[in-house]
Amino acid sequence: DLPPKSISPVEGASQGVTGDWVLFHPVYTPEELRSVQVLHRNAETLSDKVAYGFVQLARRVFDLVSGYKHRPLPANFDQLSSEEKQAYFMDETQWLRRILFLESIAAVPGMVAATLRHLRSLRLMRRDSGWIHTLLEEAENERMHLMTFMTLKNPSIMFRAMVLAAQGVFYNAFFLCYMVSPKTCHRFVGHLEEEAVITYTRCIEEIEAGHLPAWADLPAPEIAKDYWRLRPDAKILDVIYAVRSDESTHRFVNHSLASLKYGSDLNPFALREPDMTTKGSRICFERADSLRFVEESQKLIEKEERRVA
């Protein structure tokens with residue numbers, strides 16, 4: 001995958017499509033964008049430990065395939081030459097390769113889970129308790145991340161072949177695993193999103209530290225401005241802050257869904273969304289929290305219905 005001569009928008013990549021043509025997704029305030037914390041949920045049950053173990057394995061393989069590196073800085077880092085310092089960081093092309101590969105795979109779990117929930121609803125001939133919409137929203141949101149960063153780079157045939165192979169293996173493996181244990185799969189995705197938050201946090205830190213000069217003042221793609229309702233002069237850094245906030249939402253949602261009873265519990269996010277400061281600073285709702293949140297949401301809806309009537 002040869003690096004481009006410069007990091008600049010790919011002509012025609014956004015195709016000029018704008019408007020509310022996507023599913024629900026959060027639009028963040030500047031305070032919410034900076035409220036996201038790097039968090040980890042400890043693996044407690046055997047199912048949790050299996051999920052976390054697979055995430056660690058997937059992370060190592062993914063790091064190898066995407067060429068990701070984030071080495072700890074030595075004590076004498078300030079005395080190193082510019083060339084020696086650069087060995088501890090990735091450049092813009094390497095970050096794009098990492099992000100494109102990440103997002104091409106990250107959009108798979110939500111679609112697989114939504115498909116299986118949809119088929120289950122058809123088989124049982126009853127409603128789904130609100131899970132399908134949230135899962136579809138997650139899948140589309142991850143796909144929009146990919147569409148956004150595709151405006152900055154046109155991947156090579158070799159890179160596309162790697163994505164095709166990885167997607168084929170991961171889709172089918174996740175499909176089979178979800179049929180066996182949805183709880184484990186949602187926990188897996190929750191831990192995977194923990195890693196995504198770490199990755200984007202590091203990218204933000206490197207931009208703000210001046211290690212990615214080509215991205216310092218790079219304008220945000222038009223598709224990103226439209227999707228996240230960014231200001232007209234938004235930069236790529238603003239986009240990455242928004243993407244990180246999305247990943248923290250998926251972290252929160254999947255860890256919360258993993259704590260529910262798959263066959264009977266209502267999806268707490270079907271009625272309303274917690275605010276971003278909650279999702280960015282808290283790892284998840286435990287089952288009791290979700291049930292309480294559903295009850296509060298139902299009361300708010302009933303109150304509004306009485307007011308309108």
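See the structure printed just above.
A few points on the structure. No experiment lies behind these values; they were computed from the predicted model shown.

Rules used in this analysis
Each chain has its residues counted from 1, following the order in which its sequence is written. pLDDT decides what is reported in this predicted model: residues at 70 or higher carry local features, side-chain atom pairs at 80 or more are listed and counted, and totals for whole chains, interfaces and linings draw on all residues regardless. The basis for every side-chain value is the complete set of non-hydrogen atoms in the structure, without hydrogens or water. Under the scheme used here, helices are H or I runs from DSSP no shorter than 4 residues and strands are E runs no shorter than 2 residues, and both carry numbers assigned from the N terminus. Only protein chains enter the accessibility calculation, which uses a 1.4 Å probe. A residue is then buried if its area is under 20% of the maximum for its type, exposed if over 50%, and partly exposed in between. Throughout, a contact is declared for two residues whenever any of their heavy atoms are within 4.5 Å. Here the open area of atoms and residues is found with the Shrake-Rupley method and a 1.4 Å probe, where only the protein chains shown may cover a residue. Within 6.5 Å between ring centres, the rings of Phe, Tyr and Trp (the latter by its six-membered ring) count as paired, and their orientation is classed by plane angle as stacked under 30 degrees, edge-to-face over 60, tilted in between. A pair is scored as a salt bridge if a Lys or Arg side-chain nitrogen falls within 4 Å of a carboxyl oxygen belonging to Asp or Glu.

1. Points about the overall build of the protein
And step 1. When helices and strands are counted, the protein shows 12 helices and 0 strands.
And step 2. Listing each helix as α and each strand as β along the protein from the N terminus yields α-α-α-α-α-α-α-α-α-α-α-α.
And step 3. When the 309 residues of the protein are sorted by exposure, 49% land in the buried category.
And step 4. A sequence separation of at least 24 residues applies to 79% of the contacts in the protein between residues at least 6 apart.
And step 5. Accessible area of the protein: about 15700 Å², with a carbon and sulfur share of 59%.

2. Points about the packing of aromatic side chains
And step 1. Counted under the stated rule, the structure contains 14 aromatic pairs.
And step 2. With a centroid separation of 6.3 Å and an interplanar angle of 20°, the aromatic rings of Tyr171 and Phe175 are classed as stacked. One end of the pair is Tyr171 and the other is Phe175, both in helix 7 (residues 157–180) and 4 residues apart, which spans about a single turn.
And step 3. You can call Tyr171 partly exposed: its relative accessible area is 29%.
And step 4. Since its relative accessible area comes to 22%, Phe175 is described here as partly exposed.
And step 5. With 6.1 Å between their ring centres and 35° between their planes, Phe174 and Tyr178 make a pair best called tilted. Note that Phe174 and Tyr178 are positioned in helix 7 at a spacing of 4 residues, about one turn of the helix.

3. Remarks on the environment of Phe285
And step 1. Considering the arrangement of structural elements, one finds Phe285 in the loop between helix 11 (276–281) and helix 12 (287–308).
And step 2. C-alpha of Phe285 to C-alpha of Ser259: the two residues are 26 residues apart in sequence and 7.8 Å apart in space.

4. With respect to unusual backbone geometry
And step 1. At Met125, a residue that is not glycine, the phi angle is positive and equals roughly 55°.
And step 2. What makes Met125 exposed here is its relative accessible area of 74%.
And step 3. Phi at Arg229 is positive, roughly 55°, even though this residue is not glycine.
And step 4. Residue placement: Arg229 occurs in the loop between helix 9 (222–228) and helix 10 (236–258).

5. Some remarks on the side chain of His145
And step 1. Mapped onto the secondary structure, His145 falls in helix 6 (residues 131–150).
And step 2. Relative accessible area serves as the criterion here: at 0%, His145 is assigned to the buried category.

6. Section: the pattern of salt bridges
And step 1. Scanning all chains against the criterion turns up 20 salt bridges.
And step 2. Asp48 serves as the salt-bridge partner of Arg41, at 3.2 Å between the closest nitrogen and oxygen.
And step 3. For Arg41, a relative accessible area of 7% gives the class buried.
And step 4. Asp48 gets classed as buried once you look at its relative accessible area, which sits at 2%.
And step 5. Ionic pairing is found between Arg98 and Asp63, a salt bridge with its closest N-O pair at 2.6 Å. Here Asp63 lies in helix 2 (residues 46–66) and Arg98 lies in helix 4 (residues 92–106), a separation of 35 residues in the sequence.
And step 6. We classify Arg98 as buried; its relative accessible area is 2%.

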